[in-house]
Amino acid sequence: MDISHLLTSHAINMQASMVRELLHYSQQPDILSLAGGLPDEKLMPAYPAFNQLTDSRQYGASEGEKGLREIIVGLVADRGLHTTLDNVLVTNGSQQGLDIISRLTLDESSTILTEQPTYLAACQVFKLQGANIQGVPSDSGGMSVSALRNAIENTSPKAVYLIPNFQNPTGHCYSLKRRQDIAALLDEKGILLIEDDPYRDLCYEKVDLTPITTLLKRAPWLYMGSFSKVLWPGLRTGYVVSCAEFSPHLVKIKQAIDLHTNRLGQNMIAAFVASEMFPAHIVKLQQSYKEKRDAMSKALVAELGDMVEFNTPAGGMFFWLRLPDGVSSKQIMTDALEEKVLVLPGMPFFPNRHSQDDVFLRLSFARLSLEEIQRAVHILSDVIRRRMT
């Protein structure tokens, strides 16, 4: 049956997420997966007892459970972002936050600027709205301020999308100076900032984590967070905090999409975050993931030495690896999978793709054990060396 005439042009042209396409491989017990950004389930806490939770059987408010929203107000206040309940929207993961924001602000006439490379699922959402995505050159400190100024002046964008803390896929973390300069530029030009901050609690070094949102004086903003990386990603719970002008519009779109986020999951998260267990849990995550990060860094140096380029991230879940010249990341993925190691090519993370971008891999250290990390990197090293001969 041909249904192409029933589909919108955006639906027809939409590309599948490589991460989601590869997920079925990562769930196979004999695969060592360095691909997906999946937390380690061994570090996830037990669910709170149901008899301690608020009754969640009836329909709820589109904005989210009051108790969880109050907790979010407190969490972002600790980051310097002072807001009220009315400006907090609970979403089905930060991915739905991106969807709601995109429906509210983007269409075929819109240009949105992103880091180059950037989170590939964000690009999926922006493209579904028909927006033009323009990648802005970035370095180890994040998006280049001079390149951002040029892009703003050349494209008149509707918004800028940034992941300043342990960026996906590169792991880069912005300096305070870079954050201040970007905020000043957005204020000068009056450009909307969409700030995505899902990895901030996975911090292993002393670095600046100031939300760029808190540095803005005039520009509009939308700030996103998630509980998926520190608690239970299967509950799909994130949030959007917005300047007051956006709030009623965000709620109306949420009403139209799915009425409200799962109430039981919201109350489970609220109960755990409000408990004395949560701070200790975050410390445990930081210690465990730091150990895994260090193990991967050491293994990459030992196995591949000067043949590859990478920076050890100060937090998050990912290494961004540049392969030797002439070695294709797609071919490495294919070869490594034959050896039961799953890696993710970097090409899909570039909104404006070029052939020279087929030299990067994103490697996640979060889910594997220390021994599995060592074994996976050893196998990956053999695969890369074979392609160099």
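For the structure, check the block above.
Residues numbered from 1 in each chain as written. Predicted model: local features only at pLDDT ≥ 70, side-chain atom pairs only at ≥ 80, totals over all residues. Heavy atoms only, no water.

*Asks:* Talk me through the overall build of the chain; I want residue IDs and the actual numbers.
*Replies:* Along the backbone of the chain there are 12 helices and 13 strands. Taking 21 Å as the expected radius of gyration for a compact globule of 389 residues, we find that the chain reaches 21 Å, a close match to that expectation. Its C-alpha atoms give the chain principal-axis dimensions of about 60 × 55 × 55 Å. The 389 residues of the chain split such that 57% are buried. For the chain, the exposed area adds up to about 17100 Å²; of that, 51% sits on carbon and sulfur atoms. Counting 38 positive and 43 negative side-chain charges, the chain places the averaged centre of each group 1 Å from the other. (Helix = DSSP H or I, 4+ residues; strand = E, 2+ residues; numbered from the N terminus. Rg over C-alpha atoms; globule rule 2.2 N^0.38 Å. Buried < 20%, exposed > 50% of the residue type's maximum accessible area, 1.4 Å probe, protein only. Areas by Shrake-Rupley, 256 points an atom, 1.4 Å probe, with all protein chains shown as cover. Lys, Arg positive; Asp, Glu negative; His and termini not counted. Charge placed at Lys NZ, Arg CZ, Asp CG, Glu CD.)

*Asks:* Describe the pattern of salt bridges, and please don't skip the residues or the numbers.
*Replies:* Per the counting criterion, the structure on display carries 20 salt bridges. A salt bridge links Arg-293 to Glu-205, with the shortest nitrogen-to-oxygen separation between them at 2.7 Å. In this pair, Arg-293 sits in helix H10 (residues 277-304) while Glu-205 sits in the loop between strand S7 (192-196) and strand S8 (221-226), placing the two residues 88 residues apart along the sequence. Judged by relative accessible area, which is 37%, Glu-205 ranks as partly exposed. (Salt bridge = Lys/Arg side-chain N within 4 Å of Asp/Glu carboxyl O.)

*Asks:* Let's hear about the sheet that holds strand S10 (residues 318-322): which residues, and what values?
*Replies:* Strand order in this open sheet of three strands is S10-S13-S12, and the pairing throughout is antiparallel. Edge positions in the open sheet fall to S10 and strand S12 (344-345), since each of these has one partner strand only. Pairing analysis gives five bridges linking S10 to strand S13 (residues 360-364), with the strands arranged antiparallel. The residue bridging Phe-318 from the neighbouring strand is Ser-364, located in S13. (Pairing = 2+ DSSP bridges.)

*Asks:* Quick one: what's the story with the sheet that holds strand S6 (residues 159-162), residue by residue and with numbers?
*Replies:* On the basis of which strands lie adjacent, the open sheet formed by eight strands has the order S2-S9-S8-S7-S6-S3-S4-S5 and mixed pairing. If you trace the sheet from one side to the other, it starts and ends with strand S2 (88-91) and strand S5 (142-143), each paired once. Where S7 and S8 come together, four bridges link them in parallel fashion. Across the sheet, the residue bridging to Ile-194 is Leu-222, located in S8. The strands touched by helix H4 (residues 93-105) within the sheet are S2, S6, S7, S8 and strand S9 (238-242), with S8 carrying the most contacts at an inclination of about 160°. (Contact = heavy atoms within 4.5 Å. Axes fitted to C-alpha atoms, helices over the stretch in contact; angles between N-to-C directions.)

*Asks:* Which residues make up the pairing of S13, and what are the values?
*Replies:* Among the five residues of S13, five are classified as buried, and the element is accordingly described as predominantly covered. The side-chain alternation of S13 yields two buried faces, one formed by Phe-360, Arg-362 and Ser-364 and the other by Leu-361 and Leu-363. Taken together, the two bridges between S12 and S13 define a ladder with antiparallel strand orientation. Looking at the pairing, Leu-344 lines up with Arg-362 of S13.

*Asks:* Just give me the short version of the side chain of Glu-115, but keep the residues and values in it.
*Replies:* Looking at where Glu-115 falls in the secondary structure, it is placed in strand S3 (residues 111-116). Salt bridges are absent for the buried Glu-115, whose nearest opposite-charge side chain, Arg-178, sits at 8.5 Å. Polar side-chain contacts of Glu-115 include one of 3.4 Å to the backbone nitrogen of Ile-163. One polar contact links Glu-115 to Tyr-174, side chain to side chain, over a distance of 2.4 Å. Every residue in contact with Glu-115, bar those within four places of it in the chain, is listed here: Gly-135, Val-136, Ser-138, Met-143, Tyr-161, Leu-162, Ile-163, Gln-167, Tyr-174 and Pro-351. (Polar contact = N/O pair within 3.5 Å; in protein donor to acceptor, adjacent residues only side chain to side chain.)

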